[in-house]
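An overview of the molecular structure
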Amino acid sequence: MSEASKILDELNDRSREVFRLIVESYLESGEPVGSRTLSRSLSEKVSAATVRNVMQDLEFLGLLGSPHVSAGRVPTQVGLRMFVDGLLEVGDLGEDDRKKLDETLGSNSGDVSGMLDRVGAALSNVTHGASLVLTPKHESEIKHIEFVSLGHDRALVVLVFADGHVENRLFTPPPGQTPSSMREAANFLNALIEGRKLSDVRRMIQTEIAARRQEIDVLARELVESGLAAWEGEASDSARLIVRGRANLLGDTGQEEELERIRVLFDDLERKRDIAEFLELTEEGEGVRIFIGSENKLFSLSGSSLVVSPYMNADRKIIGAVGVIGPTRLNYGRIVPIVDYTAQLVGKLISDRS
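Worth saying up front: this structure is predicted, and the values here are computed from it rather than measured.

So, the overall build of the protein
- Regarding its fold elements, the protein presents 14 helices and ten strands.
- Sorting the 354 residues of the protein into buried and exposed places 45% on the buried side.
- In the protein, the share of contacts with a sequence separation of at least 24, taken over all contacts with a separation of at least 6, comes to 60%.
- A total accessible area of about 18,000 Å² is found for the protein, and carbon and sulfur atoms account for 46% of it.

Some remarks on the nonpolar core
- Counting residues in each nonpolar core, the largest one holds 56 residues, and the members touching the most others are Val18, Phe19, Leu38, Leu58, Val307, Tyr311 and Tyr332.
- The element best represented in this core is helix α14 (residues 332–353), accounting for eleven residues.
- Counting residues in hydrophobic clusters, the runner-up holds 24 residues, among them Leu159, Phe171, Ile205 and Ala220.

What about the confidence of the model for the protein?
- For the protein, mean pLDDT is 80; residues scoring 70 or higher make up 79% of the total.
- Strand β2 (residues 74–75) holds the highest mean pLDDT among the elements of the protein, 92, whereas helix α11 (residues 234–240) holds the lowest, 51.
- This stretch, residues 234–238, has a pLDDT under 50; its non-local contacts, to residues over four places away or in other chains, come to eleven contacts.

As for helix α4 (residues 48–60)
- In a regular helix each residue adds 1.5 Å, so 13 residues correspond to 18 Å; α4 covers 18 Å between its end C-alpha atoms and thus fits that length.
- Among all positions of α4, only Ala48, Val51, Val54, Met55 and Leu58 are buried. With its buried residues spanning 115 degrees around the axis, α4 presents them on a single face.
- Gly62 occupies a position one or two residues after α4 and carries a positive phi of about 85 degrees.

Some details on the packing of aromatic side chains
- Evaluation of the coordinates by the stated rule reveals zero aromatic pairs.
- Note that Arg98 overlies the ring of Tyr341, its terminal NZ or CZ placed 4.9 Å from the centroid.

Quick notes on the pattern of salt bridges
- Under the criterion given, the structure shown has seven salt bridges.
- Among the salt bridges present, the one from Glu59 reaches Arg73, with a minimum N-O distance of 2.8 Å. Linking Glu59 in helix α4 with Arg73 in the loop between β1 (64–65) and β2, this pair joins segments that are 14 residues apart in sequence.
- The shortest N-O distance in the salt bridge between Asp97 and Arg334 comes to 3.2 Å. Of this pair, Asp97 sits in helix α6 (residues 95–104) while Arg334 sits in helix α14, and the two are 237 residues apart along the sequence.
- Residue classification places Arg334 among the partly exposed positions, given a relative accessible area of 29%.

A short note on the packing of helix α2 (residues 13–29) against helix α5 (residues 77–86)
- Orientation of α2 relative to α5, taken along the N-to-C sense of each, is 100 degrees, at an axis distance of 11 Å. Classified by the interaxial angle, the pair formed by α2 and α5 is roughly perpendicular. Within the contact between the two elements, α2 uses Phe19, Arg20, Val23, Glu24 and Leu27 and α5 uses Gly79, Leu80, Met82 and Phe83.

Some thoughts on the sheet that holds strand β5 (residues 154–161)
- An order of β4-β5-β6 is seen for the three strands of this open sheet, with the pairing classed as antiparallel. Two strands lie at the open edges of the sheet, namely β4 (142–151) and β6 (166–171), each paired on one side alone. Across this sheet, the average inter-strand angle for adjacent strands is 15 degrees, counted without regard to direction.
- Of the pairings in the sheet, the one linking β4 to β5 comprises eight bridges and is antiparallel in character. Opposite Gly151, over in β5, you have Arg154 as the bridge partner.
- Across the sheet, helix α8 (residues 179–193) touches β4 and β5, and the angle it forms with β4 is around 165 degrees.

Describing the sheet that holds strand β7 (residues 241–244)
- What the five strands build is an open sheet, ordered β7-β3-β10-β9-β8; its pairing is antiparallel. Looking at strand neighbours, the two that pair on one side only are β7 and β8 (289–292), the edges of this open sheet. The mean angle between the axes of side-by-side strands here comes to 20 degrees, regardless of whether they run parallel or antiparallel.
- As paired strands, strand β9 (residues 304–312) and strand β10 (residues 318–327) are joined by nine bridges and run antiparallel to one another. Bridge assignment links Tyr311 to a residue of β10, and that residue is Gly320.
- Strands β3 (130–134), β7, β9 and β10 of the sheet are contacted by helix α7 (residues 112–127), whose axis makes an angle of about 35 degrees with β7.

Rules and cut-offs
- Residues numbered from 1 in each chain as written.
- Predicted model: local features only at pLDDT ≥ 70, side-chain atom pairs only at ≥ 80, totals over all residues.
- Heavy atoms only, no water.
- Helix = DSSP H or I, 4+ residues; strand = E, 2+ residues; numbered from the N terminus.
- Buried < 20%, exposed > 50% of the residue type's maximum accessible area, 1.4 Å probe, protein only.
- Contact = heavy atoms within 4.5 Å.
- Areas by Shrake-Rupley, 256 points an atom, 1.4 Å probe, with all protein chains shown as cover.
- Core = buried A, V, L, I, M, F, W, Y, C linked by side-chain atoms within 4.5 Å.
- pLDDT = per-residue confidence, 0-100.
- Expected span 1.5 Å × (residues − 1).
- Arc of directions from axis to C-beta.
- Phe/Tyr/Trp six-rings, centres within 6.5 Å; stacked < 30°, edge-to-face > 60°.
- Lys NZ or Arg CZ within 6 Å of the ring centre and 35° of its normal.
- Salt bridge = Lys/Arg side-chain N within 4 Å of Asp/Glu carboxyl O.
- Axes fitted to C-alpha atoms, helices over the stretch in contact; angles between N-to-C directions.
- Parallel < 35°, antiparallel > 145°, perpendicular 65-115°, else oblique.
- Pairing = 2+ DSSP bridges.

Rendered as structure tokens:
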């Protein structure tokens, strides 16, 4: 049992109700809650002074904080965590929300990436937050690879899969590349990788390069390594994360501190390189997980919350994730079933297409 759970169990009914009402009010309005307001909402008729004493006790326990000199209180990150773990009432998915999500998958046309892009847009629209969709890596067998020069400092590596799917990546080739070295690099790779999956070939190719150094030109060898890095490194991971609805986070925010938080979050979303961490957040078990503030190792500097769930293929293997990110006062009870349903929907569609 966590420390927060122990604290919750030790609260009496009055303290628990005061705490719950403060958190629910904060999640709805974002404003501190005062004792006079609370005294009118409690099921037990008590004075504002009595409520103030309870609030002070909850503050001493680290569950509430006071952002201003006023008597109003807001939940701390520890308080929000305790509320989510012990008092949150998760609602059912609304029919309107379900319909909007289902409509994005109504058409079977287009590739998986296009479908996931539409899902991300719908998830953002339904939750009024920013949506994150981590797309699966393509696991079909490779049919063909080639390099295309776009200038002395830019090149394109094109990968054609057996199922007709085509991917390409821009990258910076090693200096001195020529059409001949590009053809040699492509021929070397095609002889090795045809019929294999991308996830299986990297180590094999590195071994082959080391064993056959006399058979492949230095320039071609460098090009092979650079081209593969375009898939295995940052460029590949960044391309796998679809972010939609950034503008929803701005809302009617007017406070400079809140605007700065959102600017930091946008910067994180634009520059995040280790996208694999996003999927790792979901791998401790199935279902929806909630990360609040600094618990969220991807976007902790922005003080945001992340509600995320993995989705699986037909073999029950986690291959991607969907989530919603926003301020810590997200409507968790509503967003959790939306994220859960979206993950199940995506997993089913990808399984049906495989």
